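Commentary on secondary and tertiary structure
Given next are the chains, with one letter for each unit.
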Amino acid sequence: MMEKILMILILLTSLTGVCPWRTRQTYVRAGEMVALYCRHDRRSSHGDAKVIWTSSSSQERDLADMSSAEQTQMGLLVRGRSLVILSASVNHQGNYSCFPGRLWFSLIVCTTQSRECEERTQYPHICYRQEACTLNCPEVNIPAVSITNITSNGIIWNKEGEPKDGYFSSVEENDHGVYTCTRSYLYRRQEYHMTFTVVLQVKPKGKFGQAMILSPCRNGVLKVYLGATLVVDCKAVMYSDFDDVLWFDGKSEVETNNSFPVFYNYTREGNAAEIKMTASLVFKKVSEEDLSKTYTCRLDAVSGPSSFVTITLAQKAPISSLSLALGIVAVMLVIVVTVVVSVKLKMDIALFLRGTFCCYRSTSDGKSYDAFVMCYKSDTDAGLNEDDRKCLESALEERFGYTLCLYDRDVSPGKAAAEAVLDCIEQSRAVVLVPTSPDPGPGSGLLSAIHAALVERQTRLIFIQTETTEAPRSGSLPEALQLLGEAGDCVTWKGMSSMPHSSSFWKQLRYHLPAPREASNVKLLP
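Predicted model, so just to flag it, every value in this text is computed and none were measured.

Moving on: the overall build of the protein. If you tally the helices and strands in the protein, you get twelve helices and 27 strands. The buried share of the protein, taken over its 526 residues, is 40%. In the protein, once contacts between residues fewer than 6 apart in sequence are set aside, the share between residues at least 24 apart is 70%. When the accessible surface of the protein is summed, it comes to about 29,200 Å², and 53% of that surface belongs to carbon and sulfur atoms.

This next bit is on the nonpolar core. Formed by 25 residues in total, the largest nonpolar core has its most connected members in Val-232, Val-245, Trp-247, Leu-281 and Phe-283. Met-33, Leu-77, Cys-133 and Tyr-179 belong to the second-largest nonpolar core, a separate cluster that totals 24 residues.

What follows concerns the sheet that holds strand S10 (residues 150–159). If you walk across this open sheet you meet the five strands as S8-S14-S13-S10-S11, and the pairing is mixed. Edge positions in the sheet fall to strand S8 (122–128) and strand S11 (162–164), since each has one partner strand and no second. With strand direction ignored, the average angle separating the axes of adjacent strands in the sheet is 40 degrees. One ladder, built from seven bridges, connects S10 with strand S13 (residues 177–187); its direction is antiparallel. Each residue of the ladder has a partner; that of Ile-156, found in S13, is Thr-182.

The grouping of Leu-324, Ile-328, Val-331, Met-332, Ile-335, Val-339 and Val-343 at the surface amounts to a nonpolar patch, some 650 Å² of accessible area in total. Within the secondary structure, Val-343 is located in helix H5 (residues 321–344). The exposed category is assigned to Val-343, whose relative accessible area is 55%.

Now for the state of the cysteines. Enumeration over the complete set of coordinates arrives at five disulfides. A sulfur-sulfur separation of 2.2 Å characterises the disulfide bridge that pairs Cys-38 with Cys-98. The S-S bond linking Cys-38 to Cys-98 shows a torsion near 80 degrees; that makes this disulfide right-handed. Of this pair, Cys-38 sits in the loop between strand S2 (34–37) and strand S3 (52–55) while Cys-98 sits in strand S6 (residues 94–99), and the two are 60 residues apart along the sequence. No difference in accessibility class separates Cys-38 from Cys-98, as the two residues are buried. In this model Cys-234 forms its disulfide with Cys-297; the gap between the sulfur atoms is 2.0 Å.

For the rest of this paragraph, the subject is the pattern of salt bridges. Within this structure, the stated rule accounts for eight salt bridges. When the shortest N-O distance is used, the salt bridge between Asp-370 and Arg-429 registers 3.0 Å. Of this pair, Asp-370 sits in the loop between helix H6 (346–356) and strand S23 (371–377) while Arg-429 sits in the loop between helix H9 (417–427) and strand S25 (430–436), placing them 59 residues apart in sequence. The pair Asp-370 / Arg-429 is uniform in exposure class, with both members buried. Where Asp-410 meets Arg-409, a salt bridge forms, and the shortest distance between an N and an O atom there is 3.2 Å.

Here the structure, examined in full by the defined rule, presents seven aromatic pairs. Taken together, a centroid distance of 5.0 Å and an interplanar angle of 90 degrees make the contact between Trp-493 and Phe-505 edge-to-face. Linking Trp-493 in strand S27 (residues 489–493) with Phe-505 in helix H12 (residues 504–512), this pair joins segments that are twelve residues apart in sequence. Here a set of aromatic residues connected by ring pairs shows up, and it is made of Phe-400, Trp-493, Phe-505 and Trp-506.

Definitions and cut-offs
Residues numbered from 1 in each chain as written. Predicted model: local features only at pLDDT ≥ 70, side-chain atom pairs only at ≥ 80, totals over all residues. Heavy atoms only, no water. Helix = DSSP H or I, 4+ residues; strand = E, 2+ residues; numbered from the N terminus. Buried < 20%, exposed > 50% of the residue type's maximum accessible area, 1.4 Å probe, protein only. Contact = heavy atoms within 4.5 Å. Areas by Shrake-Rupley, 256 points an atom, 1.4 Å probe, with all protein chains shown as cover. Core = buried A, V, L, I, M, F, W, Y, C linked by side-chain atoms within 4.5 Å. Pairing = 2+ DSSP bridges. Axes fitted to C-alpha atoms, helices over the stretch in contact; angles between N-to-C directions. Patch = residues over 30% accessible without salt bridge, like charges linked within 9 Å, V, L, I, M, F, W, Y side chains within 5 Å. Salt bridge = Lys/Arg side-chain N within 4 Å of Asp/Glu carboxyl O. Disulfide = S-S within 2.5 Å. Phe/Tyr/Trp six-rings, centres within 6.5 Å; stacked < 30°, edge-to-face > 60°.

This is the structure:
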């Protein structure tokens, strides 16, 4: 199963040119040993799973499943998370991947000492004059100690073909140069080697300026797109006002005139003890000619040695038009789906958030009730009967926690109907108009006065209608009811199908009502 998943990922990579895994470039000299190690992926839950190694230079298969004879024939050794190539050749060059671990190794075998291979296999080392110094042979892509049958035979140092010791009791300037360390390993009575180049720089003791590239750079190579604008910052630390930072293009100094296609400018800051200068190399539009040059940022110091950093530009692979198109389509699809889901489920989402995060109304607005429930007489027999009306009021109060103002319960006897209704509206955050047959309320004659009060106070109105009165604008209803229906939010009562508390009627009614004043009486739906 793991092999099929890995092969699908490799196929997708070959089609789109995009690799979803982490990629590492590994350089090795022809005839030398190299070890690749598949590190644990802390984000993966397959930490104890078997590691699958595959190679693009052979059939896409688990290399660990090969027999010892097949591994020996290919010059490979697979031990758990380690893949060891005993003697690298052009046949081993290509891509290797491991799963789990989500790593992709690009192995490059250097058959000739090209400039790129030389730069990729060099490791700098700095020592200070007349101080003790120990050279360190890099531990890069070496076999793990846990691999059985491979034993280390030590390290041999030499400089320009002459044996050297990697330790200096007092290093001098004439000790600087290129040193080679060779690690040797014994496997099945045969010796294999790994060679590394260490460049020793000997600097005088004391404070001397240094220059370094701030822009993202790997092994002195900056990946860029042709035609793009590029700024490379070189930061230098200086200890004299007479020190200077310059940019060179391999032949001459780069101009500071910003009318040129390539120029540099600089800024200085600091105090008398330490000066920080940033020299910014600017490419208005990176050209193919710029890719063929080597650019050097050099700190010229009055006292002490000069310091310099060298970079080259390399062209980034252009973005595949197919990948770009697929990415745009995917983003648009996500946006469309999000909008559709939000529109379709906006009521469910609003009610869920209101219930989950306890979004209840505060009492600071001076209102005593969440809603005033007022009944009006329906012209047909389709209005809510007394049982349905009481069920509606009971569910709002006891099931969903709303505080209601009811005319037949909360209005003091003897008070004028119009005045009582307006007082209830004043003390409520919303008004719910319920069609009933017969009319138990103050009568429909007050609807015109209510409409004027609602408009003046900008009170939220929920207009409950039945299926036979779904068109308040059709002219079949009194003018006052039509005006109220147009001013508020309409919710349709559909008889028995609206009775369950999970029905669409209750969702719409709760959605249009303000949040309850407090959570003490709220009973969430299962």
